[in-house]
Each structure stands twice: as structure tokens, then as C-alpha cells.
Amino acid sequence: MTLYAEVALPLPLSQTFFYLIPERWQSRVQIGARVLVPFRGRALTGFIVSLKKRRANKEIRLKEIEEVLDEKPLFAPNFLSFTRRLSDYYYTSWGEFLQASLPPTYVLKSKRMIHLSAEGGSALKKEKLSKEEKAILSLLQKKPYTATFLQRRFGKKSVSSLLSRMSRKGYVHFQKEIQKRGRRRLRPVSSLQKQLEIDFGLSRKLRNFTEAIFQKASPKAFSPWLVFGSEDERKALYFNLIKKVLEREEKTLYLVPEISLTQHLIERFEKRLGKEAAILHSQMPERKREAEWLKVRSGEAKVVVGPRSALFSLLDKVGLIIVDEEQDDSYFQRENPSYDARRGAWIRAKQEKAILIYGSARPTVEGFYQAKKRGYLLNLEQKEQKRKVNIVRERSRRDITSQQFRESLREKLNEGEQALVFINRRGYAPLLVCSNCRHIPKCVNCDIALNYHKKKEKIVCHYCNYSLPKPEVCPECRSRIIRLMGYGIEAVEEELKKYFPQARITSFASDEVKGRKEQEWIVHRFSEGKIDILIGTQLLAHRADLPPVSLVGILYPETLLGLADYRASQKTFQTIGLMMDHLQDNGHGEVLIQTELPSHFSIQAAASKDYDSFFKQEMKLRRLMNYPPFSHMIGVLFQGENLRILAQKSREFSALLKSEAGEIEVLGPSLAGVKRLKGISRVQMILKARRKKYLDDALQVSLKKVRLRGTISVFN
DNA sequence: AGCACGCCGACT
DNA sequence: GTCGGCGTGCTC
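Nothing here was measured: the structure is a model prediction, and the numbers come from that model.

### Let's talk about the overall build of chain A
Counting secondary structure elements, chain A contains 21 helices and 33 strands. Relative to the 2.2 N^0.38 estimate, which gives 27 Å for 716 residues, the radius of gyration of chain A is 29 Å and therefore close to what a compact globule would have. Each principal axis of the C-alpha distribution contributes one length, and for chain A these read about 80 × 75 × 60 Å. The burial tally for chain A puts 52% of its 716 residues in the buried class. By sequence separation, contacts in chain A at least 24 residues apart represent 75% of the contacts at least 6 residues apart. Carbon and sulfur atoms form 49% of the exposed surface of chain A, whose accessible area is close to 35,700 Å². A gap of 6 Å separates the mean positions of the 129 positive and 81 negative side-chain charges of chain A.

### Remarks on the sheet that holds strand E27 (residues 533–536)
With parallel pairing, 6 strands are arranged side by side in an open sheet as E19-E29-E28-E20-E27-E26. Each edge of the open sheet is held by one strand with a lone partner, namely strand E19 (388–392) and strand E26 (505–508). Between one strand axis and the next, the sheet turns through 15° on average, direction left out of account. Of the pairings in the sheet, the one linking strand E28 (residues 551–555) to strand E29 (residues 590–594) comprises 5 bridges and is parallel in character.

### Description of the state of the cysteines
Taken as a whole, this structure holds 0 disulfides when the rule is applied. Cysteine Cys461 remains unbridged, with the sulfur of Cys443 as its closest cysteine sulfur at 3.7 Å. Since its relative accessible area comes to 0%, Cys461 is described here as buried. Cys443 supplies the cysteine sulfur nearest to Cys464, a cysteine that is in no disulfide, at a spacing of 3.6 Å.

### Some words on helix H13 (residues 403–414)
In this model, H13 (12 residues) spans 16 Å end to end at C-alpha, consistent with the 16 Å of a helix rising 1.5 Å per residue. Here H13 has its buried residues at Phe405, Arg406, Ser408, Leu409, Lys412 and Leu413. Projection of H13 onto a plane perpendicular to its axis shows the buried side chains occupying an angular sector of 160°, all on one side. Residues of H13 that are buried make contact with strand E20 (419–423), helix H14 (489–499), E27, E28 and E29. Backbone geometry just downstream of H13 places Gly416 in the positive-phi region, at approximately 75°.

### Here's the deal with the confidence of the model for chain A
Mean pLDDT for chain A: 87, with 95% of residues reaching 70 or above. Segment residues 182–196: pLDDT under 50, and 26 contacts once partners within four positions in sequence are set aside and those in other chains are kept.

### Some remarks on the protein's contact with DNA strand B
In the vicinity of DNA strand B lie 9 residues, with Pro12, Arg40, Arg42, Arg112 and Ser160 positioned nearest. Of all atoms in DNA strand B that approach within 4 Å of the protein, 54% are sugar or phosphate atoms. One nitrogen or oxygen atom from the side chain of Arg42 is found 3.4 Å from a sugar or linking oxygen belonging to DNA strand B. Between DNA strand B and Ser160, the relevant distance is 3.1 Å, taken from a base nitrogen to a side-chain nitrogen or oxygen of the residue. Of the residues that constitute the surface near DNA strand B, the class distribution is 3 nonpolar, 2 polar and 4 charged.

### Remarks on the domain arrangement of chain A
Per the domain assignment, the segments of chain A are domain 1 (3–106), domain 2 (110–178), domain 3 (204–379), domain 4 (388–428 + 487–622), domain 5 (432–481) and domain 6 (632–714). The centre of domain 2, based on its C-alpha atoms, is set 56 Å off from the matching centre of domain 4.

About the thresholds
- Residues numbered from 1 in each chain as written.
- Chains lettered and ligands numbered in written order.
- Predicted model: local features only at pLDDT ≥ 70, side-chain atom pairs only at ≥ 80, totals over all residues.
- Heavy atoms only, no water.
- Helix = DSSP H or I, 4+ residues; strand = E, 2+ residues; numbered from the N terminus.
- Rg over C-alpha atoms; globule rule 2.2 N^0.38 Å.
- Buried < 20%, exposed > 50% of the residue type's maximum accessible area, 1.4 Å probe, protein only.
- Contact = heavy atoms within 4.5 Å.
- Areas by Shrake-Rupley, 256 points an atom, 1.4 Å probe, with all protein chains shown as cover.
- Lys, Arg positive; Asp, Glu negative; His and termini not counted.
- Charge placed at Lys NZ, Arg CZ, Asp CG, Glu CD.
- Pairing = 2+ DSSP bridges.
- Axes fitted to C-alpha atoms, helices over the stretch in contact; angles between N-to-C directions.
- Disulfide = S-S within 2.5 Å.
- Expected span 1.5 Å × (residues − 1).
- Arc of directions from axis to C-beta.
- pLDDT = per-residue confidence, 0-100.
- Near = heavy atom within 4 Å.
- Polar contact = N/O pair within 3.5 Å; in protein donor to acceptor, adjacent residues only side chain to side chain.
- Nonpolar A, V, L, I, M, F, W, Y, C, P; charged D, E, K, R; others polar.
- Domains from an automatic or database assignment.

If you want it as C-alpha cells, here you go:
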């Protein structure tokens, strides 16, 4: 007879909690079901992760489960182990990962509402109250609020002691309230009844690869692969694998980068898989997402396509997990909770004994290295396309674009061709500098210079969106001469419009193009030839559905090298590569890279599409610096308002770590690259070790001893 | 996370 | 004394 339930809660806590199971539920509780439990005066949805006959710690007075919410478990044992391992790996909460697999309406939490009592109402009229009390009580006259709301409303750090005193005086009372579960009726998703596209003409090479992959996977076993090849070939292989997996009565999890989940791609999936596919994306309305979730839950969907969060789909019988564009940053989630979906896919595939496919034309060096070393690299040997690549250094003082670039552009425009131009910066200029006193306007919340946006006539913080009207005179010395430093997309657009007044020029940056619809619209017009020159930032580089063009201009890709990240070279190589993929391969295409660092290896290798050369040189540096894949690296970011306390605590933490384990290298603590963000100071440390276990052991001890608000990012 | 507790200086 | 504000620690 089971008596105790171990429950994981959707809070940023890495422990689980135990509850008594009341008699009436005993025969009905199951591992993997949701329960409603009391927790510090609140009611929370929790998840049963195990059932015990005996209790471990007799000291604690256990509470009873209030309600069992599921007759049938939501989570299969496999899924529980997977999320458990993932939370161990990333030092984060198990419950938060479980929560990530459910629609928000499945994870209700009570809120403590603060009500005005009758006494409070009369006190407000008759008695003289303090300013704070009066303000709160009169606000509560309208309707009850939560403490968090009041706190924010009055700009306080805490109102808890204030509220408890007021409740003691009887002015207010608290009431637990659970948001009503909207009784919406879900319409079944209108699934396309299109004729499914049949695979045809799969090359012998791909057929052989498919066979090799399945050979390793039968009998069913975890088997990872890195597919190194062009997008078209990769996709052909994926669909072939999916087909075979479907034949085995198994299902597929297909992860794609956030940004590449365009209408175009969605249509392709629907065409090929029809109603067997559930497609998720982040901008999907709540209702639609829940409908897709139900499709997975009911077993109708056999393939789930989505961004990193789709890793948590409640798909059973997983036979194949694909992580396409393995190099993409969007697989990494920085906060609450922090995890890398690439690693997550590995852990899940291993748990499910599934085939795991990482795919890329320009894989991360970490991934490529592992695949080579452990023998799971599948090289599709891309055939070389003909193209002309120019690396240009020359730059006049007056213009952003070089004369050579403009000549090429003129030539193509005269032939009625289209061009794409990449620049890695939003706005008009990244910096304003007073010529007189050198003052640089900075964000009040962040340690960041404000970017000048000419179209809005504002200076804007690219981290928190704080903005000011463009200053006419220097706010420090009242000088009228303020210089613009550097170039952004708006400046490029302005210059090209000046030189090519007849050309139809449009720019494409995340702050200008609002939402999916407008993006699709611009891409649509470009595809129809109604735009001659499309200028864009990263957003453009990632669009896979643009028609191939005959001129690709890449302006100052080295700004990507300026990132304070050991992966900066990789990012530069990859972005140039993405842009070059937009080139038509009929031999007339031309790429022009304009840079101040023409001999940097990442630019050179990208220009000649030479992954091996990039890999070799980057690995040399990684080895030299003891970066991944030669070490395991963990970033610990401490955040807090008080920099003094932050500094002291982080030093304490660092000392503890150093004493704890000699095998780990501790860098810092030091101010983070952005030392203040949204008004919060940030101090960071980097931990490196040969094996992750060393880091695990050291952190396990230190995290218990020094309590800090912060984020731990495991980089690899 | 969110809530209680307890300590501190400021103020009727 | 009491009020408001803040840091600290715990939650089965």
C-alpha cells in the first residue's frame, strides 16, 4: 500500500517534495499524474514523480494531497526520466521542465488575493491612517489585488510586512483563489486533406545512408548521427527516415530553429505529412497551440515539428529525433529554466532508445568533433557550386559601401537582377559621441550605449528598449556637435537610396518589421520581383525561403567577432555561410564581402565555403584556450541590485569552489560583459573542467552553502 | 517564485 | 513604542 507521493513542483526549485496520500485517493494515484497540493499557504499543481511506501525523513510534518487531477498519468516513465536527467544536467527545476510540456491551463496555481475588509473600509473613512495604508486600502476598494501587483504598483521591494500588519489590524484579509479554468470548447484542427507528396528519385547515396542508420537502430537502440550536408539533401534524407519510422509505427520529433519556421516550411510539412503532423511555433495563439497539443496527446500526430520547446512534446513511441540546423543559437535557452535543446535531444533520444539526427551544412565545431571522434559523422559531400566571391577592404571615408560593391550592384540592377545585403546592426548608428566632451549617451537601466534610430528620431537601448528623443545638443556640455559612429541598417538603406534612386529598396530588421505577417509580406513581394534590393540583419540571413539572387553583399561581418563569446568565430562563419546560401548557383552569382578584417580565418573559410579549414583553425584556438570541446564550461551569472553584496557573495562562492575541487578552473568573478541590465547588476564567473562531473560535484556543494539569485548556464 | 519573519532606522 | 523597508530563509 502506497502512502507517500513524491511531487515535483513548477517552481525554480531543484528539489522534490513529499505528500501524504489521503485514503480516498490511495487506489487511484498514479506516477505521472497531476495533483493539487498545499505549499506554503498556496495551492499548486504538482506532478507525481514517484510513490513510496516509507518515508525518508521523519522530521518533516507532511501535508496531504488536496486533489488528484488526472485519472490517467500525463507523463510516461520515459518522459519523467528524461526531464529528470535534463534538470540534473542543467542544475534546474524538474517541475519547470514538466510544466513546459503542458498548456498553461493544465498547470493552475492559486494566487493570494488581498481583500478589503469591512473594517478596512470604515477605517479608510474615519480613522487617520498612514500614507501607505491609505494608498493600499483605497486601491483595494475597487477590487482585490495580489501582493506582487501592489508591490509593483507602489514601486516597493516588499510589501509583505506591511500587509501582515494590516491583516493583524483587520483591515484586509487574504483569500486563496485559483483562476477559473476557461471552459473553452476546442474545435478539432482543420487538417489539410491534401494529397501527400510522394518521395521520388531519392539518390542511391541517400538510400544507403538510410539503410546504414536503420541497421544501427534495429533492434531499437539509441543511435546518434551528425548529418553534414546541404539543406536539400538533408531534408530528403529526413523525410525518408520519417517515412521508415512511420512504417515501424513510431513517431518523430523534428526540431528547427525558431526563426526558420516560416509559412513556407509549414506548408511543406503539411503537404508531406498532412494531418499526421502537429506543428508548433512560438507566435501561435494559445488556442491553436492547445489544439495541436491535444493532437499529439490523442496520438493522431505522428510527427511533431517545432522550435526548442517542442523537445517537451508528450509524444510516445519516439523513434526518431531530428535537430536540424544544429548550429543555430536558438536551441539554447538562457533563462527559466536554462537548457540547450541539442543536449536535451540527446538525453531524450537516449532515454527513448531512438535515432538522433543532428543536421547542418556548417555544424558547431563541438558537434563535428564529437561526431568524428565517436564515429557518427554522415558526410553527404556537398557538390560545389560555381560562384564568384570578392573580399573587399577598400572603403572611402564618406560612404559605407565600397565603390566596387556599388558597381556590382549597378551592373546587376541594369540586368534586372535582385540583390540581398546583410548588415549586422539595427538602427542608423550604434553610437553617438559628443565631439567636444566625448560623452556617449547610455541607457539608464543597462550598461549599454544607446543606438540612434533615424526613422524614429530616437536613441534606443537594444537590450531593454529604453528610448529617448534624439538629443539636439550634448546633455553633458550642451555642445551642438554630436558625431555618429558606426553604421546600421538604416544608414545603409539611406546610402543605397541615394546612389540608386530608381531602385526599389526595402529593409528587413526585427524592430522594423512587426510580426510574422509583415515579414511574410516582404518576402512575398521580393519573390515576385517587386523589390530590387533587400537589406537585412540576422533576420534576413536566416530566411530560407527567399528566391536565389545573383548578388549577395555582406557588410562588415566582423562585428559578429566582437561578441564576448568563445563561439564568435563560429557565428561569423555561419552567418556568412547563411547569406551565401541565398546565391543562385547558375554561375552568374556573385558574393561581395566588405570587411576591415579580410584575412580573418572565419571570413576566409566562409568565403571559400571550406568547412574543414574553418574547423581546423577554430579547433587550434579552442585547444589553446582550453575551450569546449576540450573542456566543459559553465557560466554562472549572479544578479542583484546591490553590487557590493553581489561582489562579496560571488567572491565567497568562487573561494568555495576553488577549495572544493582542484580539477576545475575558475575564471572571475568579474563584471559581466553587460555589467548592468534592466537596472540589475551582473557579475559572472566561468568554470572550466576536463569532465563535467568535476563541475557537478563542486557546484553541488557550493550551491548549497552560498545562496544567491542567479543563473547557471551550462554551455556544453 | 512567493511568502513570513525579524531586524533596523525613522517618526508620531 | 510603532511604522515602513529590507534582507534572509523556507517551502513537504
